[in-house]
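# Results of the structural survey
Letter by letter, the chains look like this.
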Amino acid sequence: MYTQGLDQPAELSTSLDEASLERRFLERVDAEEKIEPKDWMPVRYRNTLIRQISQHAHSEIVGMLPEGNWITRAPTLKRKTILIAKVQDEGGHGAYLYSAAETLGVSREQMIDQLLAGKAKYSSIFNYPTPTWADVGAIGWLVDGAAIMNQLPLCRCSYGPYARAMVRVCREESFHQRQGYDLMLQLARGTPEQKQMAQDALNRWWWPALMMFGPPDADSMHSSDSKRWKIKRLSNDELRQKFVDFTVHQANFLGLTLPDPQLKWNEAQQRHEYGPINWAEFEQVLKGNGPCNAERLAARRKAHADGAWVREAAVAYAAKQSKKRASLAA
Ligand code: FAQ
């Protein structure tokens with residue numbers, strides 16, 4: 001996506017050849033040292049990080065939309081307050097992540113332009129609709145639950161700014177997951193209609209949540225480099241398996257049924273087996289043909305256009321302040 005990295009420090013580039021620099025870089029990664037923005041890094045490492053972190057940032061921002069849809073209709077003041085806080089947190093996560101990506105030499109404008117032009121990916125999960133209040137619970141429980149499972153190992157990612165952003169993000173995601181589970185518990189213990197609403201939401205979100213972890217390992221083209229560079233610590237399938245094993249018990253406690261007739265405990269392997277994932281559906285969502293892809297992009301484009309005056313005002317204010325500082329200094 002981005003072929004140009006930041007300039008490498010001149011004295012290093014001249015005194016050491018590329019191969020020695022790369023060897024030294026890999027030794028540092030193996031020694032669990034954090035790679036920081038001004039350190040030498042291979043262009044492919046930089047570009048992999050820009051790709052992943054920018055997609056992650058876009059996911060947080062687009063991810064505000066499915067739940068944001070329910071803020072005006074939350075059933076109680078308490079639930080409304082929780083939901084506003086959660087959706088606002090996701091916006092904050094997007095902001096930390098765009099900042100982390102900027103340390104790699106890409107501008108926020110470039111990233112946003114790519115998203116609005118429909119050229120950048122964001123998580124497949126946010127292209128599904130939220131027709132009932134129970135979907136808000138299912139997102140918190142399953143989507144934030146899957147996000148934590150994926151992001152906890154990212155707190156140990158070799159790139160310092162990404163790893164540090166993930167620590168704070170995971171703390172907040174943990175609150176998000178618990179509020180979603182609490183909402184599902186309330187519905188599951190409510191009237192038969194409320195319990196059915198929770199079950200229907202679980203049926204809608206279960207399979208897309210499993211797709212969040214990405215394609216099967218055999219088809220995951222970036223995994224081997226990302227694991228070598230300690231960006232990814234666990235593979236897509238390993239994380240998906242951990243998520244299934246974890247979530248089965250939570251579903252049992254809720255008294256809800258995971259919509260997978262092939263789900264069963266494998267004693268020998270000490271893991272749950274699960275049925276086939278519809279990868280054709282995943283491919284379609286990635287190509288822009290999911291149930292809400294067009295709606296999500298249209299909402300982001302409108303928000304960007306509606307916010308133009310805020311960006312203009314911020315630039316004008318910054319210019320005024322810098323002029324004031326310059327005249328005071330003169
Ligand atoms: N959706 O070779 P791999 C959240 C793409 S945050 C769309 O396996 P990689 C918080 C992948 O980009 C959720 N695209 O790739 C929240 C690549 O395409 P490319 C987001 C996907 O990077 C909660 C191609 O397929 N989390 O939920 C997906 O090694 C509630 C090949 O795949 C993150 O972004 C997908 N599901 O592994 C917010 C975590 N999966 O770039 C609001 C950070 C794969 O070549 C409400 N990211 N692709 O065109 C990661 O951990 C990794 O990037 C993976 C994919 C695991 C997602």
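Everything below is about the structure shown above.
Keep in mind it's a predicted model, so treat the numbers as computed, not measured. Sequence positions are assigned chain by chain, starting from 1 and proceeding in written order. Since the coordinates come from a predicted model, pLDDT governs what is reported: local features require at least 70, and pairs of side-chain atoms require 80 or more to be given and counted, while whole-chain, interface and lining totals use all residues. Each side-chain value is worked out from all heavy atoms of the structure, with water and hydrogens disregarded.

Helix numbers and strand numbers start at the N terminus; a helix is a DSSP run of H or I with at least 4 residues, a strand a run of E with at least 2. Broken down by element type, the protein chain carries 14 helices and two strands. Over its C-alpha trace the protein chain gives a radius of gyration of 22 Å, about what one expects of a compact globule, namely 20 Å for 330 residues. The proportion of buried residues among the 330 residues of the protein chain is 48%. Residue pairs in contact within the protein chain that sit at least 24 positions apart in sequence constitute 77% of those at least 6 positions apart. In the form shown here, the protein chain has an accessible surface area of approximately 16,700 Å², with 57% of it arising from carbon and sulfur atoms. His is not counted, nor are the chain ends, whereas Lys and Arg count as positive and Asp and Glu as negative. Here the site of a charge means NZ on Lys, CZ on Arg, CG on Asp, or CD on Glu. Charged side chains of the protein chain number 43 positive and 39 negative; the gap between the two group centres comes to 5 Å. Our radius of gyration is a C-alpha quantity, and the globule rule it is checked against amounts to 2.2 Å times the number of residues to the power 0.38. Accessibility here uses a 1.4 Å probe with only protein chains present; expressed as a share of the type maximum, an area under 20% marks a residue as buried, one over 50% as exposed, and anything in between as partly exposed. Should any heavy atoms of two residues lie within 4.5 Å, those residues are counted as being in contact. Reported accessibility uses the Shrake-Rupley method at a 1.4 Å probe radius. Residues are deemed covered only where the shown protein chains occlude them.

So, about the site of the ligand. The rule for a residue being near a molecule or strand is that one of its heavy atoms must lie within 4 Å of it. The full set close to the ligand counts 35 residues, and Q55, K121, S220, H222 and K232 are the nearest of them. In protein, a polar contact requires one atom able to donate a hydrogen and another able to accept it; more generally it is a pair of N or O atoms within 3.5 Å, and residues adjacent in sequence count only if both atoms are side-chain atoms. In this structure, R51 approaches the ligand through a side-chain N or O atom, which is 3.0 Å from an oxygen atom. Taken by itself the ligand offers 1,100 Å² of open surface, and the protein chains cover 92% of this. Within the residue set of the shell around the ligand, elements represented by two or more residues are α3 (43-62), α5 (77-102), α7 (134-151), α8 (160-188) and α12 (279-289). With six residues, α3 is the largest single contributor of residues to the shell around the ligand. For this scheme, ten residues count as nonpolar: Ala, Val, Leu, Ile, Met, Phe, Trp, Tyr, Cys and Pro. Four count as charged, namely Asp, Glu, Lys and Arg, and the remainder, Gly too, count as polar. The class makeup of the residues in the shell around the ligand is 13 nonpolar, 13 polar and nine charged.

In this section: the packing of α3 against helix α6 (residues 108-116). Where α3 contacts α6, the two axes come as close as 11 Å, and the packing angle between them is 65 degrees. Note that α3 runs across α6; the crossing there is right-handed. The residues of α6 that touch α3, namely those facing S54, H58 and V62, are M111, I112 and L115. Partitioned by chemical class, the residues of the contact of α3 with α6 number four nonpolar, two polar and no charged. Simply put, an axis is a line fit to the C-alpha atoms, just over the touching stretch for a helix, and the angle between two N-to-C directions goes from 0 to 180 degrees. Helix crossings fall into two classes, left-handed where the near helix is turned counterclockwise from the far one by less than a right angle and right-handed where it is turned clockwise.

Our focus in this paragraph is the environment of L26. Within the fold, L26 resides in helix α2 (residues 18-30). Owing to a relative accessible area of 18%, L26 belongs among the buried residues under this scheme. Residues L26 and P42, spaced 16 residues apart in sequence, show a C-alpha to C-alpha distance of 9.7 Å.

Let's shift gears to the side chain of R240. Structurally, R240 is set in helix α11 (residues 236-254). Among the polar contacts listed, one links the side chain of R240 to the backbone oxygen of L210, at a separation of 2.9 Å. A polar contact is formed between the side chain of R240 and the side chain of D237, at a distance of 2.7 Å. Excluding anything up to four places from it in sequence, R240 contacts L210, M211, F213, G214, P215, P216, Y274, I277 and W279.

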